[in-house]
Amino acid sequence: MFDTLEVLQLSQAMARHAGARQAVAARNLAHADTPGYKARDLTGFPELALRETAHFGLRATRDSHLSGARSSAMPEPVEDAGAVSDPNGNSISLETEMLRAVDIRRQHDKALAVYRASLNILRSSLGRQ
């Protein structure tokens, strides 16, 4: 019953997005010395959430609904357009990746805070503390 609450689904999607984005940032750091490697990142979560809710047509609410076309997959990482390349063609900046990691941590913490607050509201409504 409670797994269908949109606020819980939203916080779960936000935490999943933060995890996927952290994996992309870690891959960027792993390739910091690889010649020709371009920095990548995922589309921000607000843009993804807006894109998901912007269409007003039919949407899948269960895996078996509408041919199983449920859109919960993460997008593919795209090249960071603002990254400046080194002479060897590598566009990884350790400072940028550190700032990106802080942003990802904040996003994950925000998702957990929303989830915790939602559970506290549910507990309060049931008379439990």
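Quantities reported herein were computed from a predicted structural model and do not represent experimental measurements.

The rules we used
- Residues numbered from 1 in each chain as written.
- Predicted model: local features only at pLDDT ≥ 70, side-chain atom pairs only at ≥ 80, totals over all residues.
- Heavy atoms only, no water.
- Helix = DSSP H or I, 4+ residues; strand = E, 2+ residues; numbered from the N terminus.
- Buried < 20%, exposed > 50% of the residue type's maximum accessible area, 1.4 Å probe, protein only.
- Contact = heavy atoms within 4.5 Å.
- Areas by Shrake-Rupley, 256 points an atom, 1.4 Å probe, with all protein chains shown as cover.
- Expected span 1.5 Å × (residues − 1).
- Salt bridge = Lys/Arg side-chain N within 4 Å of Asp/Glu carboxyl O.
- Polar contact = N/O pair within 3.5 Å; in protein donor to acceptor, adjacent residues only side chain to side chain.
- Patch = residues over 30% accessible without salt bridge, like charges linked within 9 Å, V, L, I, M, F, W, Y side chains within 5 Å.

**Some details on the overall build of the protein**
So, step 1. Assigned secondary structure in the protein consists of three helices and two strands.
So, step 2. Mapped from its N terminus to its C terminus, the protein presents α and β elements in the order α-β-α-β-α.
So, step 3. Relative to its 129 residues, the protein shows a buried fraction of 22%.
So, step 4. Put simply, of all contacts in the protein between residues at least 6 apart along the chain, 75% involve residues at least 24 apart.
So, step 5. If you sum the accessible surface of the protein, you get close to 9100 Å²; carbon and sulfur atoms cover 58% of it.

**Overview of helix α1 (residues 6–30)**
So, step 1. Over its 25 residues, α1 runs 36 Å from end to end, which matches the ideal 36 Å to within 8%, given 1.5 Å per residue.
So, step 2. Listed as buried for α1 are Leu8, Ser11, Ala13, Met14, His17, Ala18, Arg21, Val24, Ala25 and Asn28.

**Quick word on the pattern of salt bridges**
So, step 1. Applying the stated rule across the entire model yields six salt bridges.
So, step 2. The residue Asp103 makes a salt bridge to Arg21 at a minimum N-O spacing of 2.9 Å. With Asp103 in helix α3 (residues 94–125) and Arg21 in helix α1, the pair connects residues that are 82 residues apart, well separated along the chain.
So, step 3. Residue Arg105 pairs with Asp109 through a salt bridge whose shortest N-O separation is 3.2 Å. With Arg105 and Asp109 both in helix α3, this residue pair falls four residues apart, about one helical turn.
So, step 4. Exposure remark for Arg105: the relative accessible area of 56% places this residue in the exposed category.
So, step 5. A single salt-bridge network, built from bridges that share partners, covers Arg21, Asp41, Asp80, Glu97, Arg100 and Asp103.

**Examining the environment of Ala23**
So, step 1. Within the secondary structure, Ala23 sits in helix α1.
So, step 2. Its relative accessible area of 37% is what places Ala23 among the partly exposed residues.
So, step 3. Residues Ala23 and Asp41 lie 18 residues apart in sequence; the distance between their C-alpha atoms is 9.6 Å.

**A word on the environment of Ala39**
So, step 1. Looking at the element boundaries, Ala39 is found in the loop between α1 and β1 (40–41).
So, step 2. Look past the residues within four positions of Ala39 in its chain and what remains in contact with it is Asn28, Val78, Glu79, Asp80, Ala83, Ser91, Ile92 and Glu97.

**Here we look at the side chain of Asp41**
So, step 1. Relative to the helices and strands, Asp41 is located in strand β1.
So, step 2. Engagement of the side chain of Asp41 in a polar contact is seen with the side chain of Arg21, the distance being 3.0 Å.
So, step 3. Within the local environment of Asp41, its side chain forms a polar contact with the side chain of Arg100, the two groups lying 3.4 Å apart.
So, step 4. With residues near it in sequence (within four places) discarded, Asp41 still touches Arg21, Val24, Pro77, Val78 and Arg100.

**Digging into a nonpolar patch on the surface**
So, step 1. The grouping of Leu5, Val7 and Val114 at the surface amounts to a nonpolar patch, some 180 Å² of accessible area in total.
So, step 2. Tracing the chain through its elements places Val114 in helix α3.

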